[in-house]
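Coordinate analysis (summary)
Single-letter residue listing:
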Amino acid sequence: MTDLQSYAFEFMEVYRKDWADTAKEFEKSLFSDIDSALIKVRKLTEIIVKEIYANEGMEYPSFSNQAERLLILKNDGVLDEDLFKSFDRIRRMGNSAAHRNEPISIVDGINVHKNLYMILKWYVEAYISYDSKIPDYQEPKPEDLSDKVKQMLKEILPDHLNS
């Protein structure tokens, strides 16, 4: 499916609006505040993991950390190696964003973006509807500010020109 969405995770709006909203905020801030974006997506995947435990009828290990919870899901056959790596990359990058002072490259941010897409696509197909029509992955794009700037100029200039 190749329908272009307004953002990469728009397909989630019909399934989990709250997740779609958080994913949209992640995508929107990826180019302007990568640290906040990565922390936000890390929190989202923690919510998703909790939902996976519920969907699988597994007791949620609330005293474990995220890495341990993911390992349990992998060892129980819920997550395959690729999904485990996607969740784990998001976990590690979120930790880096929160606890390290080194800059994080946009390439790492885009890889996390792809990982989130894979996770959400899998979640929909595994727990909501295997027959769902999920659009192909689309890369995030920096926000186009030209329309905003034009609108601001239209609002500001007449006041200054009439002075």
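Our subject is the structure listed above.
Residues numbered from 1 in each chain as written. Predicted model: local features only at pLDDT ≥ 70, side-chain atom pairs only at ≥ 80, totals over all residues. Heavy atoms only, no water.

Here Arg91 is to be found in helix H4 (residues 81–99). Beyond its immediate stretch of four places on either side in the chain, Arg91 contacts Arg42, Gln66, Ala67 and Leu70. (Helix = DSSP H or I, 4+ residues; strand = E, 2+ residues; numbered from the N terminus. Contact = heavy atoms within 4.5 Å.)

Among the secondary structure elements, Ser29 is positioned in helix H1 (residues 17–29). Excluding residues within four positions of it along the chain, Ser29 makes contact with Ile34 and Ala37.

Looking now at H1. In this model H1 runs 18 Å from its N-terminal to its C-terminal C-alpha over 13 residues, within 8% of the 18 Å that 1.5 Å per residue would give. Turning to H1, its buried residues number three or more, namely Trp19, Ala20, Ala23, Phe26, Glu27 and Ser29. Structurally, H1 contributes buried residues whose contacts are with helix H2 (34–56) and helix H5 (106–128). (Expected span 1.5 Å × (residues − 1). Buried < 20%, exposed > 50% of the residue type's maximum accessible area, 1.4 Å probe, protein only.)

Here we come to the packing of aromatic side chains. Considering all chains together, one arrives at seven aromatic pairs under this definition. Between Phe9 and Phe26, the ring centres sit 6.5 Å apart and the planes meet at 40°, which makes this aromatic pair tilted. Residue Phe9 is found in the segment before H1, and its partner Phe26 is found in helix H1; the two are separated by 17 residues along the sequence. The exposure classification of Phe9 matches that of Phe26, with both residues buried. Aromatic pair Trp122 and Tyr127: ring centres 5.5 Å apart, planes at 85°, arrangement edge-to-face. Judged by its relative accessible area of 21%, Tyr127 is partly exposed. Each residue in the set Trp19, Trp122, Tyr123 and Tyr127 is aromatic and connected to the rest through ring pairs, giving one cluster. We note Lys50 situated over the ring of Tyr60; from NZ or CZ to the ring centre the distance is 5.2 Å. Sitting above the plane of the Phe84 ring, Lys74 keeps its charged end 4.8 Å from the centroid. (Phe/Tyr/Trp six-rings, centres within 6.5 Å; stacked < 30°, edge-to-face > 60°. Lys NZ or Arg CZ within 6 Å of the ring centre and 35° of its normal.)

The next point concerns the packing of H1 against H2. Contact geometry for H1 and H2: axes closest at 8 Å, N-to-C directions at 155°. With respect to H2, the axis of H1 lies roughly antiparallel. Once H1 is placed against H2, the crossing between them reads as left-handed. For the pair formed by H1 and H2, the contact residues are Trp19, Thr22, Ala23, Glu25, Phe26 and Ser29 on the first element and Ile34, Ala37, Leu38, Lys40, Val41, Leu44, Ile47, Ile48 and Glu51 on the second. (Axes fitted to C-alpha atoms, helices over the stretch in contact; angles between N-to-C directions. Parallel < 35°, antiparallel > 145°, perpendicular 65-115°, else oblique. Left-handed = near helix turned anticlockwise from the far one by under 90°.)

Burial in helix H3 (residues 66–75) covers these residues: Gln66, Arg69, Leu70 and Leu73. Along the long axis of H3, the arc covered by the buried residues comes to 95°, so they all point the same way. Against the buried residues of H3 lie H2 and H4. Put simply, Asn65 is the residue that caps the front of H3, since its side-chain oxygen is 3.1 Å from the backbone nitrogen of Ala67. Backbone geometry just after H3 places Gly77 at a positive phi near 80°. (Arc of directions from axis to C-beta. Polar contact = N/O pair within 3.5 Å; in protein donor to acceptor, adjacent residues only side chain to side chain.)

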